[in-house]
Structure formats: structure tokens, C-alpha cells
Amino acid sequence: MKKLAISIIGIILCVNALAQNPGYMGNHFIFSAEVSLSPSWTHPNPLTPCLSANVESAAARRYLGLNYFVTPNIECIVWRKGSIGAGYNYYNSPFNGLVVQYFEYPNQPNSTYLQQYEFTGNIVAHGFNVFYKQYLGDTRAPLGCFAKFVFDGFFYKTTCNENVPHEMEYYAIAQKEGKGSLFGLKAEIGYDYVFFNRLRLSVGVSLGTTFGGYKAIPKLLDDGIEIDTALERNLRVSSYARNRILNAYWFGLKVGIGFIAF
């Protein structure tokens, strides 16, 4: 009985808080679909297969390549100049990497050489986002200039393809599939437009970082005999996959459309 009374009081307080918050024409909840785009000049991207098949110019393929994140969400106006929200993240892209092998024979001075090969793969990430949006200047939610602070989570799976030289078969990537997680934080500045008191159009630009993905630099394998190759191979694939998310995430141009529901 005590738990029921506490629950009822909590519901009453929440309803009262919403009643005191004027929202937008009495409405508090907004359902949105957003896409964030960024250039992908030197990395494979979701448009790479299509561009390779239909565009002959290498320069055109480079500048037309784009990364994208799809982020549908729900947003709640919590006070006159602020809102909170949560949503879903989706990301899909090819990526590439490099395996480098450095040989040095101690009994044969000056007998060193370098062997390397590239690999390709694909990463698919699902995740979540939570955010706070603060409206700026002489305006009120959900209309006008805003600053938005977002925490993102990505849970990804990778698949890997190889074309391994015969002399490097010992270094081939044994694990063709992998998975992991990566989190990020970004800030966005933008503007919201409202049409017909129901339809909202959002545009913005964001800068951020993921908490990882900076180690995708080819690492020399010191000795082809003694190194723990399984560990090195799997870490290398994960590093390149996380770096692919980082390169798509750090800068973004966002466009979104929303519906002010109730």
C-alpha cells in the first residue's frame, strides 16, 4: 500500500510539472528523424561502391563521398527554454586497414625487410543517444537558435576480408567477425523552424569526439617468430573499425524533421 501511495504521488508530481510547463501551445513531446552528414575524403564510406561503379573521376569520387548517421529520437520540452531527449543511432560503412610485418635476423646483419598488405571490412553500429537542448536569445522551445549537448553510444559488429600474400599467411586475420562498443560526446549549434504549429525543421553543425579510435596507425611487428599474432591481428581490426566511427563522428552537418505531437 505504501509503494502504491508513493507511485501515485510521483505521477501527480510529474503531471503537475508538465502542467506548469507551458510547452509549445500546450504540447511537450516532439518525434524527430535526423541525419548527420560529414565528408569522407580519404576513407571508404557508404557511397563508395556506388561511386566506384558510376563515377570515373577519382577526384569526384573523393569529394562526393559522405558519412552518415541516422538518429530518430523523441524530445520533451521541460521548461520554456530547454528540452531533453533520447533516441537511436545507426551507422554503416566499409573500412580498410593495413598489416605491416618487419623482419630482422639477428645472425645476419643488415638483413631486414618490410612486408605489408591491406585488408577491407564493413562495420555496422546500432546504439543510443541522450541529449539536452538549450534555446538561446529571445526565443523559446522548440523554436529558434539552440545549443545541444549529446552523449552517444555505439555497439558495432565488423566483418573482414583479406587478400594475403603467401609469405604473410602466418599474419592473416584469423577472426573474420568481431564486435565492440564505443562512446562519444559532441556539442551542436543550430536553428529550429516551426511550420503550421506542428512541423519542425532542424539544421545544425556539430563537433565532437569518441572515447577511442585514435590508434589506427600501422604498427610494426618486431619479430615474425615471437609476436602474439592472434592478439595483434584482432586488436588491429578493432582499431581501424573504431577509427572509422571517429572520422565520421567528429564533424557533422545535421538536418532533421520533426512532428510536435502532444
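Residues numbered from 1 in each chain as written. Predicted model: local features only at pLDDT ≥ 70, side-chain atom pairs only at ≥ 80, totals over all residues. Heavy atoms only, no water.

Trainee: It is not clear to me how the overall build of the protein chain should be interpreted in this structure. Could you clarify?
Mentor: Secondary structure summary: the protein chain contains four helices and nine strands in total. In sequence order, the secondary structure elements of the protein chain are arranged as α-β-α-α-β-β-β-β-β-β-β-α-β. The buried share of the protein chain, taken over its 262 residues, is 39%. Considering only contacts within the protein chain whose residues lie at least 6 apart along the sequence, 74% involve residues at least 24 apart. (Helix = DSSP H or I, 4+ residues; strand = E, 2+ residues; numbered from the N terminus. Buried < 20%, exposed > 50% of the residue type's maximum accessible area, 1.4 Å probe, protein only. Contact = heavy atoms within 4.5 Å.)

Trainee: Just to check I follow, could you spell out the pairing of strand β9 (residues 251-260) for this structure?
Mentor: Going residue by residue along β9, you find Gly252, Lys254, Gly256, Gly258 and Ile260 tucked away on one face and Phe251, Leu253, Val255, Ile257 and Phe259 left uncovered on the opposite face. In this structure, strand β1 (residues 29-39) lies alongside β9, joined through eight bridges in antiparallel fashion. Bridge assignment links isoleucine 30 to a residue of β9, and that residue is isoleucine 260. Here nine bridges tie strand β8 (residues 199-210) to β9, and the two strands are oriented antiparallel to one another. For serine 206, the partnering residue across the bridge sits in β9 and is glycine 252. (Pairing = 2+ DSSP bridges.)

Trainee: Looking at this structure, I do not really get a nonpolar patch on the surface. What am I missing?
Mentor: A surface patch of nonpolar side chains, amounting to about 800 Å² of accessible area, comprises Tyr191, Tyr193, Phe195, Phe196, Leu199, Leu201, Val203, Val255 and Ile257. Listed by contribution, the elements that provide at least two residues to the nonpolar patch are β7 (177-195), β8 and β9. Judged by relative accessible area, which is 40%, valine 255 ranks as partly exposed. (Patch = residues over 30% accessible without salt bridge, like charges linked within 9 Å, V, L, I, M, F, W, Y side chains within 5 Å. Areas by Shrake-Rupley, 256 points an atom, 1.4 Å probe, with all protein chains shown as cover. Salt bridge = Lys/Arg side-chain N within 4 Å of Asp/Glu carboxyl O.)

Trainee: What am I meant to see in the side chain of serine 93 here?
Mentor: With respect to the helices and strands, the residue serine 93 is situated in strand β4 (residues 82-104). According to the relative accessible area criterion, serine 93 is buried, its value standing at 0%. Within the structure, the side chain of serine 93 is placed 3.2 Å from the side chain of arginine 244, a separation counted as a polar contact. Once you skip the residues sitting within four places of it in the chain, serine 93 turns out to touch Pro44, Asn45, Pro46, Asn122, Ile123 and Arg244. (Polar contact = N/O pair within 3.5 Å; in protein donor to acceptor, adjacent residues only side chain to side chain.)

Trainee: I keep staring at the pattern of salt bridges and nothing clicks. Help me out?
Mentor: As a working rule, side chains carrying opposite charge can pair if their charged atoms are close by. Using the criterion set out here, one finds seven salt bridges in the structure. The partner of glutamate 34 in a salt bridge is lysine 148, with the nearest N and O atoms 3.5 Å apart. Placement of glutamate 34 in strand β1 and of lysine 148 in strand β6 (residues 144-162) is noted, with a sequence separation of 114 residues between them. Assigned by exposure class, glutamate 34 and lysine 148 land together as buried.

Trainee: Could you clarify how one ought to interpret the side chain of lysine 254 in this entry?
Mentor: With respect to the helices and strands, the residue lysine 254 is situated in strand β9. By relative accessible area, which is 8% here, lysine 254 ends up buried. Looking at lysine 254, its side chain comes within polar contact range of the side chain of glutamate 188, at 2.9 Å. Not counting chain neighbours up to four residues away, the residues in contact with lysine 254 comprise Glu34, Val35, Ser36, Phe146, Lys148, Glu188, Ser202, Val203 and Gly204.

Function cannot be inferred from these measures alone, as they are strictly geometric.
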